[in-house]
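# Inside the fold
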Amino acid sequence: SRLFVDHLISLDARFGELPRGNAGHVLHASVELLASTLSAQAEPCTGRSGKIVLQGVMAYIDRHLDDPELDTRRVASDCGITERHLHRLFERADTTAAAWIRRQRLDRCRQDLRAAETAHLSITQIAYRWGFGDSSSFSKIFKREFACSPKDYRAAGGFSSQARRASSGWAT
């Protein structure tokens, strides 16, 4: 749908530049583009086109993981699809959109808990950094997913609280 809107905007800006005899051809091509856009939106999420849309949605989610307001409604809206379509896309990937978002956020938190560059951040700061709303829920979800608390996971990675203070300039 965005492709068609961009086409119309461009056409509006440059229609006067077209030679007279081409107006009918441009109108026909525009109607064909509209028909293709509408049929692509109506098609079930199967085959290659569904995979391409899913990849685009996943890339969008990846770019917005740090936004605590990111939810399935916003993903669908910003990607130009319905929530139902979004759910069907992820169903084919044997997950849900919400589970995908949560898992990607958890993976980012897990990486940050072990990264030297983020050793100065508290667990709560890391959780907030990746869109979790509160540290208690984050800790419960993290423990359920990885079978250990974020604190234990970080400690197993070699970053003690003393090392974190030293990297942030708080060493004694």
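Quick look at the structure, then. This one's a predicted model, so the numbers in the text were calculated from it and none came from an experiment. For every chain, the first residue of its written sequence is number 1, and the numbers climb from 1 along that sequence. Local features in this predicted model are restricted to residues whose pLDDT is 70 or higher, and side-chain atom pairs enter the listing and the counts only when it is 80 or higher, whereas totals over whole chains, interfaces and linings include all residues. As a rule here, side-chain values come from all non-hydrogen atoms in the structure, and water together with hydrogens is ignored.

## Things to note about the overall build of the chain
Every helix listed is a DSSP run of H or I at least four residues long, and every strand listed is a run of E at least two residues long, numbered separately from the N terminus. Along the chain, the regular secondary structure elements total ten helices and zero strands. Shown N-terminal to C-terminal, the secondary structure of the chain runs as helices and strands in the order α-α-α-α-α-α-α-α-α-α. Only protein chains enter the accessibility calculation, which uses a 1.4 Å probe; a residue is then buried when its area is under 20% of its type maximum, exposed when over 50%, and partly exposed in between. Buried positions account for 31% of the 172 residues belonging to the chain. Computed by Shrake-Rupley with a 1.4 Å probe, the accessible areas treat only the displayed protein chains as cover when residues are assessed. Accessible surface, the chain: about 11100 Å² in total, of which carbon and sulfur atoms supply 53%.

## A word on the environment of alanine 116
Note that alanine 116 resides in the loop between α6 (97–114) and α7 (123–129). For the pair alanine 116 and glycine 157, spaced 41 residues apart in sequence, the C-alpha separation works out to 9.7 Å.

## Observations regarding the packing of aromatic side chains
Each aromatic ring pair is described using two quantities: the centre-to-centre distance and the angle formed by the ring planes. A pair of aromatic rings is counted whenever rings of Phe, Tyr or Trp (Trp by its six-membered ring) have centres within 6.5 Å, and the orientation is called stacked for planes under 30 degrees apart, edge-to-face for over 60 and tilted otherwise. Using the criterion set out here, one finds five aromatic pairs in the structure. With a centroid separation of 5.6 Å and an interplanar angle of 55°, the aromatic rings of phenylalanine 138 and phenylalanine 142 are classed as tilted. Here phenylalanine 142 and phenylalanine 138 lie together in helix α8 (residues 135–146), a separation of four residues that amounts to about one turn. The class for phenylalanine 142 is buried, based on a relative accessible area of 0%. Pairing phenylalanine 142 with tyrosine 153 gives two aromatic rings, centres 5.6 Å apart and planes at 70°, and the pair type is edge-to-face. Placement of phenylalanine 142 in helix α8 and of tyrosine 153 in helix α9 (residues 150–156) is noted, with a sequence separation of eleven residues between them. Note on accessibility: phenylalanine 142 and tyrosine 153 belong to one class, buried. An aromatic cluster is built from Phe132, Phe138, Phe142, Phe146 and Tyr153, whose rings are joined through pairwise contacts.

## Quick notes on the pattern of salt bridges
The rule for a salt bridge is simple: a side-chain nitrogen of Lys or Arg has to be within 4 Å of a carboxyl oxygen of Asp or Glu. Counted under the stated rule, the structure contains eight salt bridges. Across the pair arginine 129 and aspartate 112 runs a salt bridge, and its minimum N-O distance is 2.9 Å. A residue pair is termed long-range when its members are at least 10 positions apart, and arginine 129 in helix α7 and aspartate 112 in helix α6 qualify at 17 residues. Take arginine 129: its relative accessible area is 37%, and that puts it in the partly exposed class. Taking relative accessible area as the criterion, aspartate 112 reaches 9% and is therefore assigned buried. A single salt-bridge network, built from bridges that share partners, covers Arg103, Asp107, Arg110 and Glu145.

## Comments concerning the packing of α6 against α8
As a rule, the C-alpha atoms of each element are fitted with a line to give its axis, helices using only the stretch in contact, and angles between N-to-C directions run from 0 to 180 degrees. Running from amino to carboxyl end, α6 crosses α8 at an angle of 90°, the nearest separation of the two axes being 11 Å. Classified by the angle between their axes, α6 and α8 sit roughly perpendicular to one another. Together, Arg102, Arg103, Leu106, Asp107, Cys109, Arg110 and Leu113 of α6 and Phe138, Ile141, Phe142, Glu145 and Phe146 of α8 make up the contact between the two elements. A breakdown of the residues in the contact of α6 with α8 according to their chemical character gives seven nonpolar, no polar and five charged. Orientation categories follow fixed angle ranges, with anything under 35 degrees roughly parallel, anything over 145 roughly antiparallel, 65 to 115 roughly perpendicular, and all other angles oblique. We call two residues contacting when some pair of their heavy atoms lies within 4.5 Å. In the scheme used here, Gly and all other residues not listed as nonpolar or charged are polar, with Ala, Val, Leu, Ile, Met, Phe, Trp, Tyr, Cys and Pro taken as nonpolar and Asp, Glu, Lys and Arg as charged.

## Regarding the environment of arginine 84
Tracing the chain through its elements places arginine 84 in helix α5 (residues 83–92). Arginine 84 sits eleven residues away from arginine 73 along the chain, and the two C-alpha atoms are 9.7 Å apart.

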